[in-house]
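Structural description and commentary
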Amino acid sequence: MRVLAPGMFELRPDERFTIRIDCVGGAYLAFGDVNSFDLKFDDQSPSVDVTPAILAGPHSVNRVRLHLVFSQDAPPQSYFVTALDEDNNTVDTTNAIFQPARQRPYRVDVELVVRVQ
């Protein structure tokens, strides 16, 4: 797995990776899809494996769409979406820290692009 740009990766056809979501302070719900194939997030640790079986195959560009929905009563202070390679090494992180004085969003959409060699 190699980074082509922030939020854009290249994989070998047989390679998998993991997406982990961390929110600091506040409740949230995470869901998403790869090319309209629903991702199943683990309830215990908000992560999901993206395997070759759900990617479009060799010489393809895949869009991973993630949606974080926050409780209006307890929105988070920040969130982190981390891509991990097969060896559990951090490859890239997308994040935001919300300013307390500003209204926090109730939903954040993150898109990652995965190109398969």
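Please refer to the structure higher up on the page.
**Things to note about the overall build of the chain**
For the chain, the helix and strand inventory stands at 0 helices and 10 strands. The linear arrangement of helices and strands in the chain, starting from the amino end, is β-β-β-β-β-β-β-β-β-β. Over its C-alpha atoms the chain spans a radius of gyration of 15 Å, differing by no more than 12% from the 13 Å that the globule rule assigns to 117 residues. Along the longest, intermediate and shortest principal axes, the C-alpha atoms of the chain span 45 × 25 × 20 Å. The long-range fraction of contacts in the chain, counting pairs at least 24 apart against all pairs at least 6 apart in sequence, stands at 71%. Entry remark: accessible area of the chain is about 6700 Å², with carbon and sulfur atoms responsible for 47%. Computing the positive centroid from 11 side-chain charges and the negative centroid from 16, the chain places the two 6 Å apart.

**Details of the environment of Val48**
Tracing the sequence through the fold places Val48 in strand β6 (residues 47-50). Measuring from C-alpha to C-alpha, the distance between Val48 and Asp14 comes to 17 Å, with 34 residues separating the pair along the chain. If near-sequence neighbours (up to four positions away) are discounted, Val48 is found in contact with Phe17, Thr18, Ile19, Leu39, Lys40 and Phe41.

**Some points on the side chain of Ser47**
Take Ser47: it is sitting in strand β6. Not counting residues within four places of it along the chain, the set of residues in contact with Ser47 comprises Thr18, Ile19, Arg20, Lys40, Phe41 and Asp42.

**Quick word on the sheet that holds strand β4 (residues 28-34)**
With respect to topology, 6 strands assemble into an open sheet ordered β1-β2-β10-β7-β4-β5, the strand pairing being mixed. Single-partner strands in this sheet number two, and they are β1 (2-5) and β5 (37-38).

**Observations regarding the side chain of Thr82**
Here Thr82 shows up in strand β8 (residues 78-84). Among the polar contacts listed, one links the side chain of Thr82 to the side chain of Thr93, at a separation of 3.5 Å. Leaving out residues up to four positions away in the same chain, Thr82 has contacts with Thr18, Ile19, Arg20, Thr90, Asp92 and Thr93.

**Considerations on the packing of aromatic side chains**
A complete count under the given rule lists 3 aromatic pairs for this structure. On the basis of an interplanar angle of 75 degrees and a centroid distance of 6.0 Å, the ring pair of Phe70 and Phe98 is categorised as edge-to-face. In this pair, Phe70 sits in strand β7 (residues 60-70) while Phe98 sits in the loop between β9 (90-97) and β10 (107-116), placing the two residues 28 residues apart along the sequence. For Phe70, a relative accessible area of 5% puts it in the buried group. Given the relative accessible area of 14%, Phe98 is considered buried. With a centroid separation of 5.9 Å and 40 degrees between ring planes, the pair formed by Tyr79 and Phe98 is classed as tilted. Here the residue Tyr79 occupies a position in strand β8, and Phe98 occupies one in the loop between β9 and β10, the gap between them amounting to 19 residues. Taken individually, Tyr79 and Phe98 each receive the classification buried, so the pair is uniform in this respect. Three or more aromatic residues joined by ring pairs make a cluster, and in this case those are Phe70, Tyr79 and Phe98.

Conventions used here
Residues numbered from 1 in each chain as written. Predicted model: local features only at pLDDT ≥ 70, side-chain atom pairs only at ≥ 80, totals over all residues. Heavy atoms only, no water. Helix = DSSP H or I, 4+ residues; strand = E, 2+ residues; numbered from the N terminus. Rg over C-alpha atoms; globule rule 2.2 N^0.38 Å. Contact = heavy atoms within 4.5 Å. Areas by Shrake-Rupley, 256 points an atom, 1.4 Å probe, with all protein chains shown as cover. Lys, Arg positive; Asp, Glu negative; His and termini not counted. Charge placed at Lys NZ, Arg CZ, Asp CG, Glu CD. Pairing = 2+ DSSP bridges. Polar contact = N/O pair within 3.5 Å; in protein donor to acceptor, adjacent residues only side chain to side chain. Phe/Tyr/Trp six-rings, centres within 6.5 Å; stacked < 30°, edge-to-face > 60°. Buried < 20%, exposed > 50% of the residue type's maximum accessible area, 1.4 Å probe, protein only.

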